[in-house]
Amino acid sequence: MNLPPKSSPKPERKPERSGRPATNRDDTGVAARRAALKICQAVLDRGAPFDAATNAADELALVQDRGLARLLALTVLRWLPELDDLIDSATPRPLPADARARHALRVGLAGWLKLGTPPHAVVATALPLVEGGPRRLVHGVLGSLIRRPAVLPATPRLPSPFDVYWARDWGVDMVNAASAALAEEPATDLTLKDPSKTDHWAAALEGISLAPGHVRTARKGSITEWPGFAEGAWWVQDFAASLPARLLPAQAGDHVLDLCAAPGGKTLQLAARGARVTALDMSDHRLERVRENLSRTGLTADLVVADALRWQPDVLFDHILIDAPCSATGIFRRHPDVLHLKGTTDLTPVTLLQAALLRRAAGWLKPGGRLIYATCSLFPQEGERIAERVIAGLPREMIGADELPAGLTPAADGWVRTLPGQVEGGLDGFFIARFRKLAA
C-alpha cells in the first residue's frame, strides 16, 4: 500500500499554527529568505545544530514566513553540494564557503529549483540579501543559471566524508538509498497509545501501518490539528526509534528505567503498556517536552533530572532501556544538518561515555532482567563495537526475526541495524542490542 503523493517538503518538525507556507511569493518573501540565510550561516559557518539556529525564523512576524525560512534552509542543507556546484560553474573563481553572496545564492537557487519560486522572484528576493555587497555578482550568477536553465539531479549526493564512510561500512546500495532519502522530507511516523486502534488511525490519518501501533502519514499542515492529537492518541516518533522499546519485554507493573529519556517517545511507549517508568535525563529543558506529551496522552512516568554517571537509584529495575547520546547521524533524513556538522567528529569521547553508561546501568538491573542498548547513529563505533564489549554478568541476548516487523532481520550476532532503504518510505539509522542479566 502506497502513501498519497507528497506535494512538496513540509517545514521541519516544529508544528505551525497554520498550514504550510506559500513558497512562490515575490512580495513579502525577503524576510523569510533573510532568516533562511541566517540559519544557513549559523549551521554551516558556526557549527550550530539546525534546531538551535532557527531563532532567526522564530523572530519573524508571519507564521508563513517562519515556515518558509525553515523550509528554505533545510532544502539548502539537503542539496548543498549540488547547489555549490551550480554556483561555482557560473563564477570566474569560487566564492568563499562562508561568503554572504554564496549563502544568498544557495537560498535563491533552493527556492527556484526545489520550491517552485518563479525566476523573477528569485532575483528580486536574493538581491536584498546582499544589500551593500556584491549585488552585481549575485544578479549575474542567477541570470546565467536561469538562462541555461540550471537543473538539479534526481537525488543529492551525500556530503563528504559520509559518502566514503557509509560505502565502506554498509555498501554502495545503502549510499544510494541514503541519497534518495535525503532528497525530500520523509513522511511522518506516529506511535499509537492503543495499538488495537491501528486500522482506525491509519484510515483517519490517511496513512499506512508498518506494525501494530504505528502509522506513517504524508499528511501536511499543523500536527496539532491532526485527528487524534488533542485526545493524546499518538505521538510523533520515527518507526526505527520505536523499535528499542518494542524489543524490551516489559509488561504492566514492571519497573523500567529509561536512561537518557528525552525526547520521550520510548517513555510513552513503555508507560502505555502499563509499566512503571523512571525517565532520567540530565536536561530539564528536554524533559519538558516529555512532561507535555505525558499530560496530553494521559500517561504517567517519574521524571528525574540527573547525570546518569553520578546518579544512583534506590532500587533495582526489572528492565532498562538506554538510548545513548551519540553522533545522531542516523536521523539525517529529517535533520540534514548532521551531515554538515558531524563528518569530522572525534567519536572517542562519546564512545567512552556510551560504554560507561552501559557498564553502570548493568549494575542497576535485576537478575533475569533485560537491557536494551540503542543509538541513532550510523557509525559502527557507536553501535556494533560497543555491543561487542564483554560486560561481566550481562551477556548479549539474540533478537529473533519473529520479533521484528516485515522487512527487517537481525544480524548474525543477534542485534538489529536499521538502514535508510530497508522498508518502503525509509527508516532512520539505528543500532539495537539486547542483554540479559545473569542470576547472581
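Coordinates for the structure precede this section.
Residues numbered from 1 in each chain as written. Predicted model: local features only at pLDDT ≥ 70, side-chain atom pairs only at ≥ 80, totals over all residues. Heavy atoms only, no water.

*Asks:* Describe in detail the packing of helix α7 (residues 119-126) against helix α8 (residues 135-147), supporting the description with residues and values.
*Replies:* For the pair α7 and α8, the least separation of the axes is 10 Å and the interaxial angle reads 165°. When the axis of α7 is compared with that of α8, the two are roughly antiparallel. Here α7 and α8 pass one another in a crossing that is right-handed. For the pair formed by α7 and α8, the contact residues are Pro119, Val122, Val123 and Ala126 on the first element and Val138, His139, Leu142 and Ile146 on the second. (Axes fitted to C-alpha atoms, helices over the stretch in contact; angles between N-to-C directions. Helix = DSSP H or I, 4+ residues; strand = E, 2+ residues; numbered from the N terminus. Parallel < 35°, antiparallel > 145°, perpendicular 65-115°, else oblique. Left-handed = near helix turned anticlockwise from the far one by under 90°. Contact = heavy atoms within 4.5 Å.)

*Asks:* Can you tell me about the pattern of salt bridges, naming the residues and giving the values?
*Replies:* All chains considered together, the criterion is met by 26 salt bridges. Between Arg157 and Glu82 there is a salt bridge, and its shortest N-O distance comes to 3.6 Å. Of the two residues, Arg157 is situated in the loop between α8 and α9 (162-170) and Glu82 in helix α5 (residues 80-89); the sequence distance between them amounts to 75 residues. Judged by relative accessible area, Arg157 falls into the partly exposed class, the value being 40%. When its relative accessible area of 6% is taken as the criterion, Glu82 is described as buried. Residues Arg370 and Glu397 are paired through a salt bridge, measuring 3.2 Å at the closest nitrogen-oxygen approach. In this pair, Arg370 is assigned in strand β9 (residues 365-375) and Glu397 in strand β10 (residues 396-397), connecting sequence segments 27 residues apart. (Salt bridge = Lys/Arg side-chain N within 4 Å of Asp/Glu carboxyl O. Buried < 20%, exposed > 50% of the residue type's maximum accessible area, 1.4 Å probe, protein only.)

*Asks:* Could you give an account of the nonpolar core, with specific residues and numbers?
*Replies:* The biggest cluster of nonpolar side chains holds 50 residues, and the ones touching the most others in it are Ile39, Leu109, Val138 and Leu142. Mapped by element, the contributors of at least two residues to this core are α1 (30-45), α2 (50-53), α3 (55-58), α4 (63-78), α5, α6 (100-115), α7 and α8. The contact partners of Val138, leaving out residues within four places of it in the chain, are Ala101, Leu105, Ala126, Leu127 and Val130. Core analysis: the next-biggest nonpolar cluster, separate from the first, contains 35 residues, Leu247, Ile372, Leu408 and Val423 among them. (Core = buried A, V, L, I, M, F, W, Y, C linked by side-chain atoms within 4.5 Å.)

*Asks:* How would you explain the pairing of strand β5 (residues 255-259) if you had to name every residue and give the values?
*Replies:* Across the five residues that make up β5, a large majority, five, are buried. Read from β5 through helix α13 (residues 265-272) to strand β6 (residues 276-281), the crossover connection turns out right-handed. Sheet topology note: the β5/strand β8 (residues 317-323) ladder contains four bridges and is parallel. Considered in β8, the bridge of Asp258 is made with Leu321. (Right-handed = clockwise from strand over helix to strand, strands pointing away. Pairing = 2+ DSSP bridges.)

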